[in-house]
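Residue-level structural notes
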Amino acid sequence: MNNPFAEIYERLGNIEGFLLALNEKLTTTPPQPTDDKLYLSAKEAAEFMGIKLQTLYQNIERVPHVKKHGKLLFTRDGLISYIEQK
């Protein structure tokens, strides 16, 4: 007689594997550009500047950034220049 829970355990294992792979993709750093500049995510940029993420988003039109594949990316040099201007 087959264990009725075997298929459930197998499917849960598949779901867990999928979620782990998805989490790994979401937590990797943004792709690095070929011009040797290190790009920061919005969260990293806010931490670098010592401000809350919400404050960064509220002032995004003034903060130098690029948008690539739907993500905002910031350079350290750009953020330093912005901070020094203020």
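Presented here is a report on the structure given in the accompanying data block. Since the structure is predicted, the reported quantities are computational estimates derived from the model, not experimental observations.

**Things to note about a nonpolar patch on the surface**
- On the surface, F5, I8, Y9, L12, I15, F18, L19, L22 and L26 cluster together to form a nonpolar patch covering roughly 960 Å² of accessible area.
- Along the polypeptide, L12 turns up in helix α1 (residues 6-27).
- Relative accessible area serves as the criterion here: at 49%, L12 is assigned to the partly exposed category.

**As for the environment of H65**
- Tracing the chain through its elements places H65 in the loop between α3 (53-58) and β2 (66-68).
- On a C-alpha basis, the gap between H65 and S41 in space is 9.9 Å, while along the polypeptide they are 24 residues apart.
- Every residue in contact with H65, bar those within four places of it in the chain, is listed here: I60, L72, L73 and F74.
- Reaching out from H65, the side chain makes a polar contact with the backbone oxygen of V63 at a distance of 2.8 Å.

**Quick look at the packing of aromatic side chains**
- Counted according to the given criterion, the structure contains 1 aromatic pair.
- Aromatic side chains F5 and Y9 sit 6.4 Å apart centroid to centroid with 40° between the ring planes, which places their arrangement in the tilted category.
- The exposure class assigned to Y9 is exposed, which follows from its relative accessible area of 56%.

**Details of helix α2 (residues 42-49)**
- Within α2 the residues assigned to the buried category are A42, A45, A46 and M49. Each buried residue of α2 lies within a common arc of 100° when the element is viewed along its axis, so the set occupies one face. More than 90 degrees from the buried face of α2, the exposed residues found are K43 and E47.
- Structurally, α2 contributes buried residues whose contacts are with β1 (39-40), α3, β3 (71-75) and α4 (76-85).
- Taken from the residues just after α2, G50 is the one with a positive phi, measuring 75°.

Reading the values: rules and limits
Residues numbered from 1 in each chain as written. Predicted model: local features only at pLDDT ≥ 70, side-chain atom pairs only at ≥ 80, totals over all residues. Heavy atoms only, no water. Patch = residues over 30% accessible without salt bridge, like charges linked within 9 Å, V, L, I, M, F, W, Y side chains within 5 Å. Areas by Shrake-Rupley, 256 points an atom, 1.4 Å probe, with all protein chains shown as cover. Salt bridge = Lys/Arg side-chain N within 4 Å of Asp/Glu carboxyl O. Helix = DSSP H or I, 4+ residues; strand = E, 2+ residues; numbered from the N terminus. Buried < 20%, exposed > 50% of the residue type's maximum accessible area, 1.4 Å probe, protein only. Contact = heavy atoms within 4.5 Å. Polar contact = N/O pair within 3.5 Å; in protein donor to acceptor, adjacent residues only side chain to side chain. Phe/Tyr/Trp six-rings, centres within 6.5 Å; stacked < 30°, edge-to-face > 60°. Arc of directions from axis to C-beta.

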